Amino acid sequence: MTKSLSKELSAKAAASIDILKQAKKDHQQVIFANSLGAEDVVLTHLIARHTPDIDQFMLDTGRLPEETLTLLAEIRKSYDNLDIQVFYPDASQLESYVRLNGINAFYESQELRKSCCHIRKVEPLQRALKGYKAWITGLRRSQSVTRVDMESETWDEGNGLFKINPLLDWSETDVWDFIRHHNIPYNKLHDQHYPSIGCAPCTRAISAGEDVRAGRWWWENEESKECGLHLIKK
Ligand code: SF4
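Computed from a prediction, not measured in an experiment: that's the story for all the values here.

About the thresholds
- Residues numbered from 1 in each chain as written.
- Predicted model: local features only at pLDDT ≥ 70, side-chain atom pairs only at ≥ 80, totals over all residues.
- Heavy atoms only, no water.
- Salt bridge = Lys/Arg side-chain N within 4 Å of Asp/Glu carboxyl O.
- Helix = DSSP H or I, 4+ residues; strand = E, 2+ residues; numbered from the N terminus.
- Buried < 20%, exposed > 50% of the residue type's maximum accessible area, 1.4 Å probe, protein only.
- Near = heavy atom within 4 Å.
- 1 Å grid on protein atoms, 1.4 Å probe; cavity = no way out; pocket = protein on both sides within 12 Å on 5 of 7 lines; lining within 4 Å.
- Sits in = over half its atoms within 2 Å of the grid points.
- Nonpolar A, V, L, I, M, F, W, Y, C, P; charged D, E, K, R; others polar.

**Q** Could you give an account of the pattern of salt bridges, naming the residues involved and the relevant values?
**A** If you walk through the whole model with that rule in mind, you get six salt bridges. For R140, the salt bridge is made with E39, and the minimal N-O distance between the two is 2.9 Å. Of the two residues, R140 is situated in the loop between β4 (134-136) and β5 (153-156) and E39 in helix α2 (residues 38-50); the sequence distance between them amounts to 101 residues. Look at R140 and you get buried, because its relative accessible area is 3%. Residues E220 and R113 are paired through a salt bridge, measuring 2.8 Å at the closest nitrogen-oxygen approach. Linking E220 in the segment after α6 (172-182) with R113 in helix α5 (residues 110-129), this pair joins segments that are 107 residues apart in sequence. With a relative accessible area of 11%, E220 lands in the buried category. Among the residues examined, R113 registers a relative accessible area of 0% and is labelled buried. The network of salt bridges with shared partners includes E8, K12 and D174.

**Q** Which residues make up the environment of K24, and what are the values?
**A** The topology assignment puts K24 in helix α1 (residues 7-27). You can call K24 buried: its relative accessible area is 18%. Each C-alpha atom, one on K24 and one on Y186, is 26 Å from the other, the two residues being 162 residues apart in sequence.

**Q** Could you give an account of the site of the ligand, with specific residues and numbers?
**A** As a matter of local geometry, the ligand sits amid F106, R113, C116, C117, R120, K121, C199, C202 and W217. Placement of the ligand is best described as lying within the largest cavity. When its residues are assigned to classes, the shell around the ligand shows six nonpolar, no polar and three charged.

Here you go:
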């Protein structure tokens, strides 16, 4: 039998739905950047059920694990052919980068890692956000030291639109209780100790007690672990 939602989690879900509805009302052109992570499948569900007029896209970097692409197909099917537009890196920029630096250059220096993230994620994100007034993300405060001070709505100076974070106060347990309660499709790598999933060569499983972001860019220090999609301007 499915475990029922606690009063506290039902209230958090209702608050997140209100944030989504308010975002649509205030900004009209609103899009959800769907990474298909655990938080984002929660948002996929909330948006599909309560604010289906919010658009959705995802970035296929060309280095995603097979499990993420399988999940994309599964989600599309589960929510009546849900329209998640897929954006790819610019082919000529990527070809030049690989030709010059090699296919796995991101392991060699932080600079090369950031250039790879820029070509495969940041530039396609900027294309995806064109024409929109606000974008939705699944960021949570407790995910990382770089996300503690975030607000549910902020002006994203770098991209020139508002950024809405409806799950900011959710805990990891809240996310998983909600997924299980609603039987939402999720990335099967989560069952193999991958709490945070990005590109295959830059993501690994973590051990018990490690920080949830410890499996991302594990060769770099904590403060530099952002790909450029969610940098905070201070
Ligand atoms: Fe490149 Fe790794 Fe960034 Fe993916 S996460 S874009 S493979 S550096």
